[in-house]
Amino acid sequence: MNLYKYVSEAINEKLGFKANLETPRNRSFGDFSTNAAMVMAKKEGKNPRDFAAEIMPKLSELDFVESASIAGPGFINIKLRDDFIWYAAAKPHDMKTQNPLIIDMDYGSYNVAKSLHIGHLRTSIVGDTLNRIAKYIGHKTISYNHMGDWGRSMGLVIAWIKKNHPDWPFFKDDFNPDADYSKYAMSPEELDTYYPAAVALAKTDEKFMEEARIITAKLQGGHPGYNALYNVFFPISLKSMTETVNKLNIMPFDKNLGERNAALYIEPVEKMLREKNLLVKSDGAEVIIVKKDTDNAPMPPVMFYNSRGAVPYDATDIMALYYRKITDNPDKIIYLTDIRQKLHFEQLFRVAEITGLFPPENLEHIGYGTINGSDGKPFKTRDGNAAGLNDIIDMINEAVKKRVIESGKNLPKETIDTIALAALKFNDLMHDLRSDYIFDPESVTSFEGRTGPYILYTAVRLNSVLKKAGIKKESKLCSLSEEERNLLIEILDFERTVQSAFDNRATDIIANYAYDLCQLINTFYHNCPILREGINEETKAQRLTVTRIARDTLATAIDLMGLKIPEEM
Ligand code: ARG
């Protein structure tokens, strides 16, 4: 149950006006409080305390109200009945929306022949959690790994291979497109070195850069040799991409379709743009003007064809919109990228609007901040390179292993992996998405404090209590201790939290909720022993029920964050 919603709707109905409901941190005066009497009294020119006294009896009539009291200048505090809390918390969460939307979610969106790096961490982890939350609420989502697989970087990689293997058949005039070229496959590690090497060379060698540009245009134009070579390295890259994604426990993408797939729709998109007279010649290129008279900030045109006739990143995104329109026809498209792409998406959304593909309110770009090292600059590995995603996963694994060994425990590798992943992911989820944060491999792996391991540890503890106790019949309510009460009320705030995390596209809301929940669980665990000798059967049964309810909610939160609960810790 969404307790807040339930109580607030019931109160509004009873009073006949909308009361503003607060949930005080300190619950000793009440579980909810409202300033409704003060607001209404002011409107009607009455004394707030008198007005509060007038509406109090009405509130007391509500079946979930234990007591209502007036405080200060006219606040009303409301305390809920224990049995109401008890039965409400025992019901499984159910928050399927009445208005399911079709949502295309574009995250991850890795680049072919460029290994995944720290810049892909947030789009992957946060994107996956937002997707899980959207599904949990009942929306239909379609996740896209909109790969960078068709632009200049492909030209650079092919140019690099050509430079090093000019004798390979792909570059010969008599190239035979029907032969088998699988023996030219390189290892993924080797493939990873091409792009950085090519970029470094292109910086100093204008001829090489020019060649890469020409190759890009020819690749897109269907050059058989370049396309055959592309088909050799593309699957190698997709495979290692998928391996890293699996390691992160990200749900598989519904569609691994990127720029190349989008570019298949160039004809209808170009036709649409020409019919609407939107393509404008500019220095040998063709662009779409998206500037409005009301703009104060610069708003450059969107490049559709560059001067070599190749389609750049901007253009493929227009075609991707077209593809999504004619396939999913989504109610919403949510893009999750680095904040530095803000302008790109502003431009894209304007094209969507002027072409009539999608109205602006259906398109959303979430731009995330940078992950920094302790020096406040983008996080690098010790050797000074931008950290690869696999390196980061390994680094966290090492840190967890060290801690486990120090604590004298002996945990299987699988468990270490699970804890390490939770450390990495939870840390990412709990930060405000739109800001930068400082990444410290040491502190994120701590078993105490606001960390993934702490969350898992709490869940493991609940599971182990339930396992030790064996399957017990669910108990009747005796009376709730303060710890139980606080915990169950927090559990009744779960649905509101998930909804708010979704509405605000903010995973920190669910991560911080999970942490608060764990704090309350651990207070309950310490102050309300269950399996200790001398606890009477009824109390024990009730505490076990609370434990089970808490475990279920925590496990759901953990699942929404894409983490797994290990057997032991
Ligand atoms: N591949 C791009 C990058 O790494 C991100 C693509 C985001 N999605 C999109 N439809 N443009 O920067």
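Preceding block: the structure.
As the structure is a prediction and not an experimental result, all values here were calculated from the model.

**Some words on the environment of Ile354**
Structurally, the position occupied by Ile354 is in helix H13 (residues 342-355). On the basis of relative accessibility, which here comes to 41%, the residue Ile354 falls in the partly exposed class. Between the C-alpha atom of Ile354 and that of Ile289, which follows or precedes it by 65 residues, the distance is 10.0 Å. Discounting chain neighbours no more than four positions away, the residues touching Ile354 are Lys276, Leu278, Ile288, Ile289 and Val290.

**A word on the packing of helix H1 (residues 3-15) against helix H3 (residues 48-61)**
Packed helices, taken two at a time, are described by the angle between their axes plus the distance between the axes. Where H1 contacts H3, the axes come no closer than 10 Å and their chain directions differ by 130°. By the angle between their directions, the pair H1 and H3 is classed as oblique. For H1 against H3, the interelement crossing comes out right-handed. For the pair H1 and H3, the contacting residues are Ile11, Lys14 and Leu15 in the first and Ile55, Lys58, Leu59 and Glu61 in the second. Here the contact of H1 with H3 is composed, by residue class, of four nonpolar, no polar and three charged.

**Quick word on the packing of aromatic side chains**
For any two aromatic rings, the description comes down to two numbers: the centre-to-centre distance and the angle of the planes. A complete count under the given rule lists 30 aromatic pairs for this structure. When the centroid spacing of 5.5 Å and the interplanar angle of 40° are considered together, the rings of Phe64 and Phe84 count as tilted. Of this pair, Phe64 sits in the loop between H3 and strand S3 (65-71) while Phe84 sits in helix H4 (residues 82-90), and the two are 20 residues apart along the sequence. The residues Phe64 and Phe84 share a single accessibility class, namely buried. The ring of Phe234 has Arg260 lying over it, and the distance from NZ or CZ to the ring centre is 5.1 Å.

**Quick word on the site of the ligand**
Around the ligand, the neighbouring residues are Asp106, Ser109, Asn111, His120, His146, Tyr313, Asp317, Tyr335, Thr337, Gln341 and Phe345. Asp317 has a polar side-chain atom sitting 2.7 Å from a nitrogen atom of the ligand. In the environment of the ligand, an oxygen atom lies 2.8 Å from a nitrogen or oxygen atom belonging to the side chain of Gln341. Class assignment for the residues of the shell around the ligand results in three nonpolar, six polar and two charged.

**Notes on the sheet that holds strand S6 (residues 140-144)**
Taken in spatial order, the four strands line up as S6-S5-S10-S11 in an open sheet, and their pairing is parallel. Both edges of this open sheet fall to S6 and strand S11 (363-368), since each of them pairs with a single strand only. Pairs of neighbouring strands in the sheet enclose a mean axial angle of 20°, with direction left out of account. When strand S5 (residues 102-106) meets S6, the two strands line up parallel, connected through five bridges.

**A look at empty space enclosed by the protein**
Once rolled over the atoms, a probe with the size of a water molecule shows which space is left empty. Across all of its chains, the model carries one cavity of 30 Å³ or more by this definition. The calculated volume of the largest cavity comes to roughly 40 Å³. As for the largest cavity, its lining consists of Tyr144, His146, Leu257, Gly258, Asn261, Ala262, Ala320, Tyr323 and Arg324. Put simply, the parts of the chain that give the lining of the largest cavity at least two residues each are helix H10 (259-263) and helix H12 (313-327).

**Examining the pattern of salt bridges**
Throughout the structure, instances matching the rule amount to 31 salt bridges. As a salt-bridge pair, Asp128 and Arg132 come within 2.7 Å of each other at their nearest N and O atoms. With Asp128 and Arg132 both in helix H5 (residues 121-137) and four residues apart, the pair spans about one turn of that helix. Among the charged side chains, a network of salt bridges with common partners joins Glu206, Glu210, Arg213 and Arg308.

**Let's talk about the environment of Asp516**
Along the chain, Asp516 falls in helix H20 (residues 507-527). Asp516 sits in the partly exposed class, given a relative accessible area of 26%. With 29 residues separating them in the primary sequence, Asp516 and Leu487 have C-alpha atoms 9.6 Å apart. Every residue in contact with Asp516, bar those within four places of it in the chain, is listed here: Arg25, Arg450 and Glu490.

**Quick notes on the pairing of S3**
Note: S3 against strand S4 (residues 75-80), six bridges, orientation antiparallel. Bridge pairing links Ala68 to Ile78 in S4. Connecting the antiparallel pair S3 and S4 is a turn made up of three residues, with Gly72 showing a positive phi of about 55°.

**Quick look at the nonpolar core**
The biggest cluster of nonpolar side chains holds 185 residues, and the ones touching the most others in it are Ile11, Phe170, Phe233, Ile288 and Phe304. The residues touching Ile11, leaving out its near neighbours within four places in the chain, are Ala19, Leu21, Leu59, Leu62, Phe64 and Ile78.

**What to know about the environment of Leu21**
Of note, Leu21 is situated in strand S1 (residues 21-22). Separated by eleven residues in sequence, Leu21 and Phe32 place their C-alpha atoms 6.5 Å apart. Each residue touching Leu21, except ones within four places of it in the same chain, is listed here: Tyr4, Val7, Ser8, Ile11, Phe32, Ser33 and Thr34.

**Details of the side chain of His120**
Examined against the element boundaries, His120 turns out to sit in the loop between S5 and H5. When its relative accessible area of 8% is taken as the criterion, His120 is described as buried. In this view, His120 contacts Gly108, Tyr110, Asn111 and Leu389; residues no more than four positions away in its chain are not counted.

**Considerations on the pairing of S6**
The side chains of a regular strand alternate, first on one face of the sheet and then on the other. Counting buried positions along S6 yields four of five residues, so the element is predominantly enclosed. In this region the chain leaves S5, passes through H5 and returns to the parallel neighbour S6; the handedness of that crossover is right-handed.

**Notes on the side chain of Glu484**
Mapped onto the elements of the fold, Glu484 is located in helix H18 (residues 482-491). Despite its burial, Glu484 remains without a salt bridge, the nearest opposite charge being carried by Arg543 at 4.5 Å.

**As for H4**
Given 3.6 residues to a turn, an α-helix orients residues that are three or four positions apart in the same direction. Taken as a whole, H4 has its buried residues at Phe84, Ile85, Trp86, Ala88 and Ala89. On its buried face, H4 sits against H1, S4, H18 and helix H21 (537-560).

**Let's talk about the sheet that holds S1**
Strand order in the open sheet formed by four strands is S1-S2-S4-S3, with antiparallel pairing between adjacent strands. Both outer strands of the open sheet, S1 and S3, are each paired with one neighbouring strand and no more. Sitting on the sheet, H3 touches S3 and S4, and the angle it makes with S3 is about 180°.

**Topic: the state of the cysteines**
For the structure on display, the rule yields zero disulfides. A disulfide-free cysteine, Cys518 has its sulfur positioned 16 Å from the sulfur of Cys528, the nearest such atom. Looking at the unpaired Cys528, the closest cysteine sulfur is the one in Cys478, lying at 12 Å. A residue is classified by how much of its surface remains accessible, and Cys528, at 2% relative accessible area, is buried.

So, how was this worked out
Residues numbered from 1 in each chain as written. Predicted model: local features only at pLDDT ≥ 70, side-chain atom pairs only at ≥ 80, totals over all residues. Heavy atoms only, no water. Helix = DSSP H or I, 4+ residues; strand = E, 2+ residues; numbered from the N terminus. Buried < 20%, exposed > 50% of the residue type's maximum accessible area, 1.4 Å probe, protein only. Contact = heavy atoms within 4.5 Å. Axes fitted to C-alpha atoms, helices over the stretch in contact; angles between N-to-C directions. Parallel < 35°, antiparallel > 145°, perpendicular 65-115°, else oblique. Left-handed = near helix turned anticlockwise from the far one by under 90°. Nonpolar A, V, L, I, M, F, W, Y, C, P; charged D, E, K, R; others polar. Phe/Tyr/Trp six-rings, centres within 6.5 Å; stacked < 30°, edge-to-face > 60°. Lys NZ or Arg CZ within 6 Å of the ring centre and 35° of its normal. Near = heavy atom within 4 Å. Polar contact = N/O pair within 3.5 Å; in protein donor to acceptor, adjacent residues only side chain to side chain. Pairing = 2+ DSSP bridges. 1 Å grid on protein atoms, 1.4 Å probe; cavity = no way out; pocket = protein on both sides within 12 Å on 5 of 7 lines; lining within 4 Å. Points joined across faces, edges and corners; volume = space filled by probe spheres on them. Salt bridge = Lys/Arg side-chain N within 4 Å of Asp/Glu carboxyl O. Core = buried A, V, L, I, M, F, W, Y, C linked by side-chain atoms within 4.5 Å. Right-handed = clockwise from strand over helix to strand, strands pointing away. Lys, Arg positive; Asp, Glu negative; His and termini not counted. Disulfide = S-S within 2.5 Å.

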